[in-house]
Structure formats: C-alpha cells, structure tokens
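Results of the structural survey
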Amino acid sequence: MAETARTPVSRLRTDGSTSDGTADPKSRYGNRPTMKDVAARAGVGLKTVSRVVNGEPGVTPDTERRVQEAIEALGFRRNDSARVLRKGRTASIGLVLEDLADPFYGPLSRAVEEVARAHGALLINGSSAEDPDREQELVLALCARRVDGLVVIPAGDDHRYLEPEIAAGVATVFVDRPPGRIDADVVLSDSFGGARDGVAHLVAHGHRRIGFIGDQPRIHTAIERLRGYRAAMAEADIDVDESWVSLGPTDPDRVRRAAESMLSGPSPVTAVFAGNNRVTVTVVRVLAGLPRPVALVGFDDIELADLLSPGVTVVAQDAAQLGRTAAERLFRQLDGASDAPERIELPTRLITRGSGELRPAD
C-alpha cells in the first residue's frame, strides 16, 4: 500500500520560535531584540554590550568581535530614543504643512530637513489639510512624542493651545503665515509687496480691467495678496469692480468658474492676477481655450512655466529660503537663544516670461 506523505507540523516553543527553527508568524512584529538578547548570544555581560554599542573603551578585540557578530545575527538596533531622553532631548523636530502634495512645500520641507540633519536631528512631518482642528491634533501629537521643536504652517487663527508646550520648552517657529493670538517667531514672504508689484506690472502694460483670483479669505497670504492687488489698483487710480475679485477654495472647478465669469460679458477683464500656484495652473488652462490673448501674472512659480507659450510671468517666492530661515531660527532657540519673538519677511521676485507682458486686445 502506498504511504501517504505527511506535512511536517511546527510546534510553538515558549521562546517564540517553532520546533522546526522558524519564527512564529504571529510574533514576528514588535519583538525587537534587546541588549540582553545580544549579551546572551555573545556570552558576555550587559555592560560589555553597552560599551560596544556606544563605542566606549574597555573591551578586548575578541569580545568586541563576538558582540558585533551577535548584533548582526539578531538584527539589533540601538534604542536612540531612550539614549537621547536621558539627555533631555529627542533629537527630532516636527514640521506641520498645509498639503504635502503641494509643489510649493517640497523645497520648503527639504530645506528644513537639511538644517535638521546638520544639527543631528530627525524631521517628522505631516499635513493639516488646511483644517485647524487637524492642525491642532497633529501638533499636539508631535508634542506628545516629545519633539524638541516645531515648524508650523498654520491652518487656524488661534494658537493659544500651544502656549503650555512653548512654556514647557518646545521651540516653535511659524512659517508662510503668522500665528494667531500668540507671540512667536514667524518667517514670511512679502505677499503684499509681491502682489502689488505683479499687478503694477500689468497696469504698466496697459491693463485697467484686472481680475484677482485667490485662496480662502481666512488665509493670511490670500488676504495680503488681495491687499497688494487693491493697493496697486488704487495707486493707478483704477476703481475695482467687485466682480473682478474672487476668493475661495483653490479646487479647479471653483477657479475655472471664477475665471470664466470675469472673462465673459460686455466688459471682461483683460488680465488676471492668480493668487497662488494652484490657481495659476487652472487659469492657464482656461486661457488656453480663449480666442483672444489675456495677460496673466501668478503668485508662486510653477513647473514648466518657462516652456509654455507664452511663458508664465510670476511673482516668485523662495520656498527653500523660507524653510531654511525658519529651521535655523528654530535651532537657534534650541541652542539657548532668548531673543524676543521676531517677524522675518523675505522679498519676492518678479520673473517676466511673456504672459504678463501681453497688452490688452481692446
């Protein structure tokens, strides 16, 4: 009679391994090897493992070799969080952005990370999605994980919830927008001046009916850029028709409707000032479908702006410099500086590429 093959059965041992030498699948995660495990495998004391792990003297070459072999075999990693907590610092900082997918925040985040790395710190970032409640939840979660400092692009307008954390020693710098109802370091771009220069550039090229499409009115940068728009129009003695102004969410459908509205009718605008990069991208698409040329200046540079025809004229802000300045200010606080909170405003730059130099068709 033919013998039936049997599948080997693995039995669980008390140490988490099975009788065939494999690890129990249910215990694979969360059971990281400890220095005690390394000491047991190498046949040495715990203090000896500690000396090897921390690069301290007093260990013979042969013993060090056995400990290193045990570390490699077990996949042991030093618990840096415990080590740095003994020193009172976690060597980590938090960065709270508006939207991780927004191209503007890429260079800003990278610059903060580079400064953090130069100071031996790890960067942890997250997105508020322009939601004040989510911002607060994320900020306090980072504080609960004992980050040494925070760089925050605020979504809300009341940051008193951070006062206990700041008083407890959490260094905090705001960037791109100021905090609400507390005094703290903040690094901004000159949104007012940049928008005023961009609109004045359109006026200088013969435009008097100039539309403005911006972000939501509760956002500081949107209001500052609208204020710059109105200042440039007033300086040119141009009365603003309120149908030329549209603030709201920057989703493509809303921006498209706003652009199409001000570009239609018996007296359409002959130029548009776009309040940020997302607005600019949608307006470019709207203008591409028009039979007549319409001038455009956008706040924030956009990818491939120089390859379009005409190229897109923009008011550029240096996102990397914003992030770098904020992070340097943060580590200055962490190094013990006791300066009063400071407002740092960085200049913008008008880059002419063609779309802002088109003259009115009528």
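Bear in mind the structure is a predicted one, so any value in this text is a computation, not a measurement. (Residues numbered from 1 in each chain as written. Predicted model: local features only at pLDDT ≥ 70, side-chain atom pairs only at ≥ 80, totals over all residues. Heavy atoms only, no water.)

1. Concerning the overall build of the protein chain
Filter applied, for reference: Labels follow the DSSP assignment, with helices taken as runs of H or I lasting at least four residues and strands as runs of E lasting at least two, numbered in each case from the N terminus. Residue burial is assigned from relative accessible area. The probe radius is 1.4 Å, only protein chains are included, and a residue is buried under 20% of its type maximum, exposed over 50%, and partly exposed in between. In this analysis, two residues are considered to be in contact whenever any of their non-hydrogen atoms come within 4.5 Å of each other.
When its secondary structure is counted, the protein chain shows 12 helices and 12 strands. For the protein chain, the proportion of its 362 residues judged to be buried stands at 46%. Restricting to contacts in the protein chain with at least 6 residues of sequence separation, those with at least 24 account for 64%.

2. Examining the environment of His205
For His205, the position within the fold is in the loop between helix 8 (191-204) and strand 6 (210-214). C-alpha of His205 to C-alpha of Leu358: the two residues are 153 residues apart in sequence and 7.1 Å apart in space. The residues touching His205, leaving out its near neighbours within four places in the chain, are Gly356, Glu357, Leu358, Arg359 and Pro360.

3. Quick look at unusual backbone geometry
In this structure, Pro310 follows Ser309 across a cis peptide bond, with omega equal to -5°. Within the secondary structure, Pro310 sits in the loop between strand 9 (295-299) and strand 10 (313-316). Phi angles above zero are rare outside glycine, and Arg146 is one such case at about 60°. Note that Arg146 resides in the loop between helix 6 (132-144) and strand 3 (149-152). Backbone geometry at Asp237 places phi at a positive 55°, although glycine is not the residue there. If you trace the backbone, Asp237 turns up in the loop between helix 9 (220-235) and strand 7 (245-247).

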